[in-house]
Every structure is written in C-alpha cells, then in structure tokens.
Amino acid sequence: MAPKRAKRRQAAGDSGSSNVFSMFEQSQIQEYKEAFTIIDQNRDGIISKDDLRDVLASLGQINTKNEELDAMIKEASGPINFTVFLTMFGEKLKGADPEDVILTAFKVLDPEGTGSIKKEFLEELLTTQCDRFSKEEIKNMWSAFPPDVAGNVDYKNICYVITHGEEKEE
C-alpha cells in the first residue's frame, strides 16, 4: 500500500524527497511566498541574477557587482524556485535550537514551573555568562520582552519568538 501512496504523491508534484514545507507553519510559508514573489521580478518562477539586481536596486542598492550576485545565486544547488528558496531558509534556520530545547533550558531557571523568571536574574546571567550581552542588547531585549509589573519575564514568549520570529497572537 505504501508504494501507491508514494506514486500518488509523486504524481501530485511532490517528489517526497524534501520535507521543507513541514519545517514551517503555514503562515510562515505564506510570508516566504510573498518575499519570493517580490524578488522574482520577472514572475517566471525562478529567482535569477537579474531578479536579484532589480530587487536590490529597488531597495536602493545600485551597482551591485556581478561577483556578489553570482555568489548569491551559487548558494543554491540549482535554479531557485520557491521550494529551493524555502529550503535555503530552512537550512539557514537550522542553527536555532527547536522551541522545546530552548524552553527546557529556561525551565532549569524556573524550578517552581511558573513560566517566568525574574528580570534581574535573567539580566545578570545574560551579562555575566558565556556570550555576554551588551547594555544595548539588554535594552533591546527589554523593549521586545518587557517584564510584568512584578519584574517577571515570560520566557515561553521569548522561546516562541526565537523559533518562529514573531509574537504569539493570543
């Protein structure tokens, strides 16, 4: 029975060799599709060197060197259609840990399981351990993730934003 499913999937245009669409939520795929459409200036379904030159020019970056454009195009394994474009983003984002891993790390700092940690405690850790945050980075973090009136920081929201790129809509 499985081979029939595989044949049906291939007939539908999905080679089955890539699971790139499962890496993203539907809303993210739609945002990437919109970005792809903007970059694909000639609307042929492939991002070319000319497409890159045109979109960069529309953003004010005029006279981009051919070598730079060639290097961008060569990052892909072949012609850059939407699936390749999405795969490239997936590969770039693979460096981020999954949400559950980041959440588990924060839970170590939250033995009571409240879902939040004290601002002062988190700030001390981030400015004194490993890759230390600068004062500017701390300021940016508190603007993005302001603590509540009791000084608690919702680390579940931080984890979501790290892995999804935007705040949850509640």
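Conventions and cut-offs
Residues numbered from 1 in each chain as written. Predicted model: local features only at pLDDT ≥ 70, side-chain atom pairs only at ≥ 80, totals over all residues. Heavy atoms only, no water. Core = buried A, V, L, I, M, F, W, Y, C linked by side-chain atoms within 4.5 Å. Buried < 20%, exposed > 50% of the residue type's maximum accessible area, 1.4 Å probe, protein only. Helix = DSSP H or I, 4+ residues; strand = E, 2+ residues; numbered from the N terminus. Contact = heavy atoms within 4.5 Å. pLDDT = per-residue confidence, 0-100. Salt bridge = Lys/Arg side-chain N within 4 Å of Asp/Glu carboxyl O.

1. As for the nonpolar core
As a rule of thumb, soluble globular proteins bury nonpolar side chains together. The biggest cluster of nonpolar side chains holds 18 residues, and the ones touching the most others in it are I47, I80, F82, F85 and L86. Counting residues per element, the ones that place at least two in this core are helix 2 (26–39), helix 3 (49–58) and helix 5 (82–93). Top element by residues in this core is helix 5. It accounts for five residues. In this structure, I47 is in contact with F36, I39, D40, L52, I73, I80 and F85, ignoring residues within four places of it in sequence. Core analysis: the second largest hydrophobic core is formed by 15 residues, I117, L126, M141 and C159 among them.

2. Focus on the confidence of the model for the protein chain
In this model, the protein chain carries an average pLDDT of 82, and 84% of its residues clear a pLDDT of 70 or more. Scored below 50 in pLDDT, residues 1–17 shows three contacts in the model against residues more than four places distant or in partner chains.

3. Side note on the pattern of salt bridges
Taken as a whole and assessed by the stated rule, the structure comprises one salt bridge. For the salt bridge of D70 with K49, the shortest nitrogen-to-oxygen distance reads 3.1 Å. With D70 in helix 4 (residues 66–74) and K49 in helix 3, the pair connects residues that are 21 residues apart, well separated along the chain. Among the residues examined, D70 registers a relative accessible area of 30% and is labelled partly exposed.

4. Overview of unusual backbone geometry
What you tend to see is this: most non-glycine residues have negative phi, and most peptide bonds are trans. With a phi close to 55 degrees, R43 is a non-glycine residue in the positive phi region. Following the sequence through the fold, R43 ends up in the loop between helix 2 and helix 3. Phi at N63 takes a positive value of approximately 65 degrees, unusual for a residue other than glycine. For N63, the position within the fold is in the loop between helix 3 and helix 4. Owing to a relative accessible area of 71%, N63 belongs among the exposed residues under this scheme.

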